[in-house]
Amino acid sequence: MTPVILVTFAGRQKRMEILTKYIRKAINDGIIDEWHIWDFTRSTQDNEWVTREFGPARYMRPEAPYQLKGSVTVRSSFRTNAKIDHDLHIAVLPNGEADNYYEFVVGGWVNTHSVLRSVKPGELNNFASRNEAAVIWSKSTPGVLSPSLPNQVVLSIDSAGIPTLQVNGVIVGTWPELNLSSGASVMVRGGWGADLELCDVNAPVRRYVGNPNEKLPYWQAYDYYAKRLEIFSSAVFLKCDDDIVYLDIEKLNEFIEFRRANPNYFVVSANVVNNGVCAYLQQLGGALPDELGHFEHPPGGFGGSLWQSAERATQLHDFFLEKNDKHLPLPNKVVEWKERQSINFISWLGKDLLHMGLPKGDDEYALTVDLPTFLDRPTAIYADFTVSHLSFGPQEHGLDVDRLINAYDALSSSRL
């Protein structure tokens, strides 16, 4: 099987809702197999929306907060397959009890000990508040977590409400002093340098939770895939910004097949509205009239007058929205490119993850300049698949975002 995986770095609800409609349609039509939402949100409101909208978390970095995984009752055990080397944290939130939560740390202290703590609800994600007085139980559990295989975790409750935790078939502990007869919600996380992958989460749309508040967080996604080359080597990856507000879904499969059939290109970009390099090529191809102004070749493929201007972006969006035919011809159906370009909607092949263990830094420069130069493989822009990108940072001041989003939302409703 050669899966098609779309990767989106999520940040802003208002800008992402339109993209969500297009991608769910593409999944329903069988064009895309999996949608991986990387949660790099910065506001509580955006985080709550992404958590609610995109379902279960598959993976979380060590600094990610607790994520809801399931529940446990007298009639139904909590089970999960957790890939983690040490410090598996399991929070139990008893139903109907607001005073205390319980926290299991399995394989803490370099996979040597496990503890059970009592935690106040408001302190669940405040790890600086942990203290020895909160420890209810402690036990030596050397090697309790496997570093190579997913750990089989089972939390059960007997008829008296007493919980028992098993890991890989071994009983870690039973706690008669706890009464969970009313059941509980169960949350999980890693921590202390250990990331956590929940291998039983295989929904087509799933979340990947990054460390919060990193200035350039995107390396976390490339690192995840590069370390799993054997799993993803046959996949075709699509990566798009969260503010793609139009997508020619009728041409998406054609774009994917072109990407699959042309492995000589390191990355292939869609033909993007509001993208400096694409606008330059669109005008060369006769798609953008002179009345819209001159769209120059951005120096080295970066920046330029469109990238800096809310007014120019607005004019370009309005032109595209009013255009009945959403095709924007380029000088050629495929334009090879050897400079930097914006990665608003690009594709790479899973086999090229061999080269994509990227450090923290500018992923765009790495993917479109550094790696193509090192590997002597050009990038390309595919003319027949059009998407529209809402805005760049310098365009934010002065752009009537609400008006444009409403217009693109109406366009999506007419096309889906």
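Residue numbers run consecutively from 1 along every chain, following the written order of its sequence. Note on the predicted model: pLDDT of at least 70 is required for a residue's local features to be given, and 80 or more for side-chain atom pairs to be given and counted; whole-chain, interface and lining totals, by contrast, use all residues. Think of the side-chain values as coming from all heavy atoms in the structure, minus any hydrogens and water.

## Description of the nonpolar core
Item 1. Take the buried residues of types Ala, Val, Leu, Ile, Met, Phe, Trp, Tyr and Cys, join any two whose side-chain atoms come within 4.5 Å, and each joined set is a nonpolar core. Relative accessible area decides the class of each residue, using a 1.4 Å probe on protein chains only: under 20% of the type maximum gives buried, over 50% gives exposed, and in between gives partly exposed. I32, W35, L238, L247, L252, F345 and F385 are the most contacted members of the largest nonpolar core, which has 69 residues in total.
Item 2. Here the element with the most residues in this core is helix α1 (residues 13–28); it accounts for seven residues.
Item 3. Formed by 34 residues, the second largest nonpolar core is a distinct cluster that contains F78, I84, F104 and V186. The way it works is that DSSP assigns letters per residue, a run of H or I at least four long becomes a helix, a run of E at least two long becomes a strand, and they are numbered from the N terminus.

## Details of the sheet that holds strand β8 (residues 113–119)
Item 1. For two strands to be treated as a pair, DSSP must find at least two bridges joining them. Read from one edge of the open sheet, six strands run β4-β13-β6-β7-β8-β9, paired in antiparallel fashion. Each edge of the sheet is formed by a strand with only one pairing partner; in this case those strands are β4 (67–72) and β9 (135–140). Taken over all neighbouring pairs, the strand axes of this sheet differ in orientation by 20° on average, direction set aside.
Item 2. In this sheet, strand β7 (residues 101–107) lies alongside strand β6 (residues 88–94) in antiparallel orientation, the contact comprising five bridges. Bridge pairing in β7 links A91 to E103. Structural elements are reduced to axes, namely lines fitted to C-alpha atoms, with helices fitted over the stretch in contact, and the angle between N-to-C directions of any two is expressed from 0 to 180 degrees.

## Topic: the pattern of salt bridges
When their charged atoms lie close together, side chains carrying opposite charge are able to pair.
Item 1. Salt bridges are counted wherever a side-chain nitrogen of Lys or Arg sits within 4 Å of a carboxyl oxygen of Asp or Glu. As enumerated under the stated definition, the model contains 25 salt bridges in all.
Item 2. We note a salt bridge from R58 to E197, for which the minimum N-O separation is 3.0 Å. Of this pair, R58 sits in strand β3 (residues 57–60) while E197 sits in strand β14 (residues 196–198), placing them 139 residues apart in sequence.
Item 3. By relative accessible area, which is 11% here, R58 ends up buried.
Item 4. With a shortest N-O distance of 2.9 Å, K239 and D241 are connected by a salt bridge. With respect to burial, K239 and D241 carry one shared label: buried.
Item 5. Members of the salt-bridge network, linked through shared partners, are R12, R15, D242, D243 and E396.

## What to know about the packing of aromatic side chains
Item 1. Stacked, edge-to-face and tilted labels apply to pairs of Phe, Tyr and Trp rings (six-membered ring for Trp) whose centres lie within 6.5 Å, assigned for plane angles under 30 degrees, over 60, and everything in between, in that order. Applying the stated criterion to the full structure yields 33 aromatic pairs.
Item 2. Centroid distance F40 to Y218: 5.7 Å. Interplanar angle 75°. Geometry classified as edge-to-face. Pair noted here: F40 is in the loop between β2 (34–39) and α2 (44–53) and Y218 is in the loop between β15 (205–209) and α4 (219–226), with a separation of 178 residues, a long-range link.
Item 3. Overall, the relative accessible area of 10% leaves F40 in the buried class.
Item 4. Grouped by ring-pair contacts, the aromatic residues F9, W38, F40, Y59, Y208, Y218, Y222, Y224, Y225, F232, F237 and W348 constitute a single cluster.
Item 5. Whether a charge lies above a ring is judged from NZ of Lys or CZ of Arg, which has to be within 6 Å of the ring centre and within 35 degrees of the ring normal. Over the aromatic face of F295 sits the side chain of R312, whose NZ or CZ is 4.2 Å from the ring centroid.
Item 6. Its guanidinium or amino end placed over the ring of F320, K326 lies 5.0 Å from that ring's centre, counting from NZ or CZ.

## A word on the UniProt feature "domain: Farnesoic acid O-methyl transferase" (unreviewed entry) in the protein
Item 1. UniProt positions are given in the numbering used here, feature names are shortened, and annotations may be inferred rather than shown by experiment. The UniProt record annotates "domain: Farnesoic acid O-methyl transferase" (unreviewed entry) at residues 76–162.
Item 2. Counted over residues 76–162, helix gives 5% and strand 46%. Its end C-alpha atoms are 13 Å apart.

## Remarks on unusual backbone geometry
Item 1. Even without a glycine there, the phi angle at W192 is positive, about 50°.
Item 2. Residue placement: W192 occurs in the loop between β13 (184–189) and β14.
Item 3. Phi is positive for N274, which is not a glycine, with a value near 65°.
Item 4. Residue placement: N274 occurs in the loop between β18 (268–273) and α7 (276–284).

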